[in-house]
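Examination of the molecular architecture
So the chains spell out like this:
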Amino acid sequence: MARQQAPAKKATVYRLSRPGDEPLALCIQKKYAENENDFQIRDVSISGTESLLITGKISTDEPRWMPHLVSLVGHNPRLKNLTSAAALIIPLQGYDYALTWGFGHILLNPLFLDNDFGLRFAIRKASPDQVRSLTSHTMDTLARTARTSVPSGASLDAFGVEEIGEVISRLVGRISVSGLTASAGKADSYATVRGADGLSLPLAKSPQDLLADLRYLHDTVENEPPAKGLEHFEHTRPLRPGAPEINQLQGLLSQALKPGSPLIALTWPAEWQEGDHGEADSYKIRGAGAGREEQPDELELHHLLQPLAHREASTRFDALKRITVQGLNSDGFSISRAIHGDKWITFQIDHEGKRYVFHQGRWFDIGGAYLDLLRQKVEKILAKRSNLLVSDWPQEVKPKGNIGVATEGRYNLLVQHDDPRFLRLDTKLLYTMQHTKGFEVCDLLGPDNELIHVKRMGGSVSASHLFNQALVSVEALRRQPDTVSKMQEVVRRESEGKRDIPDDFQPTKVVLAFGGRPATPEALFTFSQVTLARCAQRLAELEVELEILEITDTPKILKDDLSLE
């Protein structure tokens, strides 16, 4: 008996949103639509629905690696690359569904792609216990991408995905194909789907059944909630290069790039966080215009924004990208490469009912549900208050004679001066086998060896760097054998032998001390909240308590002898 043919065959389908009454050909990239030699476009009918088919080949004269081969063997074997591509575009229920074969996906116009369409279907139908592969992106200051695979399938717990701070861009898993032609009436028929921008799954071979399958995909994405355990996967997402929102958002960012903007904060680039730079003693700033080069001891947001103040708003972002910042050590040697200015800022704005964030050079669409979840976690973290009592944060006379807030370094000196139970350790680096260029274990060591990290929460500073510093310190003390002995040396030296820590010291409490504004979620930029939530989770895993301390301001002036007037 001849084997019965399956009613469906795997294909990849994308969803596009074409404006108004524009022709279907708009869904095809212009360079392919106008290439009549290699591509053919024809109108077709899919069970009465007027559709568009484009087929053709993508060829190159020779592979890009051919010159290397020729240089080694001395002759040209005359090879060519030839790739087939096909896309069938079917309008349905307000969208255009594009089935693609071969390299057909590259024919589609990215301006109209419904990003994450395949992922949204997958998280509504995939079993949380039969996930085979996840691609995740870390959202905090360390921008990492990871693809984890379990070929036989596993529960979400096996992938270690966090609700806060990770974005999922691709999911591979098993789903029931009940409702699709592929089930052929069987109640227990399953298939593996791959969901990202596109959706790879079995689709009907007959035109009429194909339309029914597409309606099923449409209804699932539009009307069904995500499967239990997969809800948070669609709370937020990075915008793809070429996404139509980016040009408008880039314009809003460019307008906001001026001194005093409440929408922008100084942050530390991923490259800085990932490297072992140590603490910079100064920063070299180039490209700010008129051949200027600055070398401030502390990098502040105005160093990046002030040079843009007199530029046309539309040109400020491009001008920011031309500015570079390079960290220098106390000897004036570089401890980082020159990093472009756009990597040093975080920008967030609420636009057309959504929150968008520009961070580490990428745009993110932050969903409302994600913001609610993030706020709940951050409120819980910030509610754990410390009982420590520290000095109020004073003013000081600046070099040019004006009055301003005392620097963090001077404030830490004041705390130690007012209460000798606190030991100032900021800028006192620990040099270990892991951190050969040094790191700060804390700003202040508390009476019971609490690791206290101090940050002035002005509107122009992201606190993400502080939270990462706190985590690096604890992990070094817990995981790296030589760190405790190096800390003992620094504590003895800075306390002039009056204080020591035990040989078996393990940190049990971290205190984040905030000045300048109340310690509330509103005081933190979205990405700082993400980093705080991830920091708190990691500290809890290491069995270290995290507490919050608010520092009160005072109008009194801090004098050179650390007295107040």
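A short tour of the structure in this document, coming up. Keep in mind it's a predicted model, so treat the numbers as computed, not measured.

**Some thoughts on unusual backbone geometry**
Excluding glycine, most residues fall at negative phi; most peptide bonds, likewise, are trans. Phi at Arg-78 takes a positive value of approximately 60°, unusual for a residue other than glycine. One can find Arg-78 in the loop between α2 (66-73) and β4 (81-92). Since its relative accessible area comes to 70%, Arg-78 is described here as exposed. We note that Glu-496 has phi near 55°; this positive angle belongs to a residue other than glycine.

**Digging into the packing of helix α11 (residues 464-479) against helix α13 (residues 526-541)**
Their axes nearest at 8 Å, the elements α11 and α13 cross at an angle of 15°. The orientation of α11 with respect to α13, classified from their angle, is roughly parallel. As α11 packs across α13, the resulting crossing turns out to be left-handed. For the pair α11 and α13, contact is made by Ser-464, Phe-467, Asn-468, Leu-471, Val-474, Glu-475 and Arg-479 and by Phe-527, Ser-528, Thr-531, Leu-532, Cys-535, Arg-538 and Leu-539, respectively.

**Quick notes on the sheet that holds strand β11 (residues 236-238)**
The 5 strands are arranged β11-β19-β18-β17-β12 in an open sheet whose pairing can be described as antiparallel. Two strands bound the open sheet, and with one partner strand each, they are β11 and β12 (264-266). Mean inter-strand twist for the sheet, computed between neighbouring axes without regard to direction, equals 20°. As paired elements, strand β18 (residues 354-359) and strand β19 (residues 362-366) share 5 bridges and run antiparallel to each other. Bridge pairing in β19 links Tyr-356 to Asp-365.

**Observations regarding helix α4 (residues 207-223)**
Here α4 contains 17 residues, and its C-alpha end-to-end distance of 24 Å stays within 8% of the 24 Å for a straight helix at 1.5 Å per residue. For α4, the set of buried residues is Leu-210, Leu-211, Asp-213, Leu-214, Tyr-216, Leu-217, His-218, Thr-220 and Val-221.

**A word on the nonpolar core**
If you look at the biggest cluster of nonpolar residues, it comprises 48 residues, and the most contacted ones within it are Met-487 and Leu-512. Mapped by element, the contributors of at least two residues to this core are β19, α9 (368-382), α11, α12 (483-494), β27 (509-515), α13 and β28 (545-551). For Met-487, the residues in contact, after removing those within four places along its chain, are Leu-430, Val-441, Leu-445, Leu-451, Leu-477, Ile-501 and Phe-505. By size, the runner-up hydrophobic cluster in this structure holds 38 residues, among which are Leu-88, Ala-122, Val-177 and Leu-180.

**A few points about the pattern of salt bridges**
Any two side chains of opposite charge can pair, so long as their charged atoms come close to each other. Tallied over the full model, the rule gives 23 salt bridges. In this structure, Lys-57 and Asp-38 form a salt bridge, with 3.5 Å as the shortest nitrogen-oxygen distance. Taken together, the residues Lys-57 in strand β3 (residues 49-60) and Asp-38 in the loop between α1 (30-33) and β2 (39-46) connect sequence positions 19 residues apart. The partner of Lys-343 in a salt bridge is Asp-342, with the nearest N and O atoms 3.5 Å apart. When its relative accessible area of 31% is taken as the criterion, Lys-343 is described as partly exposed. Salt bridges here are not isolated pairs; linked through shared partners, they connect Arg-15, Asp-114, Arg-120 and Glu-222.

**With respect to the pairing of strand β26 (residues 451-456)**
Among the 6 residues that make up β26, 6 are buried, leaving the element largely enclosed by the rest of the structure. In β26, alternate side chains face the same way, and those of Leu-451, His-453 and Lys-455 on one face and Ile-452, Val-454 and Arg-456 on the other are all buried. Note: strand β25 (residues 444-445) against β26, 2 bridges, orientation antiparallel. Paired with Leu-445 across the strands is Leu-451, a residue of β26. Between β25 and β26, which pair antiparallel in sequence order, lie 5 residues; one of them, Asn-449, sits at a positive phi of approximately 65°. When β26 meets β27, the two strands line up parallel, connected through 6 bridges. The residue bridging Arg-456 from the neighbouring strand is Gly-515, located in β27.

**A closer look at the packing of aromatic side chains**
Enumeration over the complete set of coordinates arrives at 9 aromatic pairs. An angle of 85° between the planes, with centres 5.7 Å apart, marks the rings of Phe-317 and Phe-358 as edge-to-face. Of this pair, Phe-317 sits in helix α8 (residues 316-322) while Phe-358 is found in strand β18, placing the two residues 41 residues apart along the sequence. Take Phe-317: its relative accessible area is 7%, and that puts it in the buried class. With a centroid separation of 4.3 Å and 5° between ring planes, the pair formed by Trp-393 and Tyr-411 is classed as stacked. A residue pair is termed long-range when its members are at least 10 positions apart, and Trp-393 in strand β20 (residues 393-397) and Tyr-411 in helix α10 (residues 408-418) qualify at 18 residues. Judged by its relative accessible area of 1%, Tyr-411 is buried. One aromatic cluster is present, formed by Phe-317, Phe-347, Phe-358 and Trp-363 through successive ring pairs.

The rules behind each value
- Residues numbered from 1 in each chain as written.
- Predicted model: local features only at pLDDT ≥ 70, side-chain atom pairs only at ≥ 80, totals over all residues.
- Heavy atoms only, no water.
- Helix = DSSP H or I, 4+ residues; strand = E, 2+ residues; numbered from the N terminus.
- Buried < 20%, exposed > 50% of the residue type's maximum accessible area, 1.4 Å probe, protein only.
- Axes fitted to C-alpha atoms, helices over the stretch in contact; angles between N-to-C directions.
- Parallel < 35°, antiparallel > 145°, perpendicular 65-115°, else oblique.
- Left-handed = near helix turned anticlockwise from the far one by under 90°.
- Contact = heavy atoms within 4.5 Å.
- Pairing = 2+ DSSP bridges.
- Expected span 1.5 Å × (residues − 1).
- Core = buried A, V, L, I, M, F, W, Y, C linked by side-chain atoms within 4.5 Å.
- Salt bridge = Lys/Arg side-chain N within 4 Å of Asp/Glu carboxyl O.
- Phe/Tyr/Trp six-rings, centres within 6.5 Å; stacked < 30°, edge-to-face > 60°.

So far we have only geometry, and geometry alone does not tell us how the molecule works.
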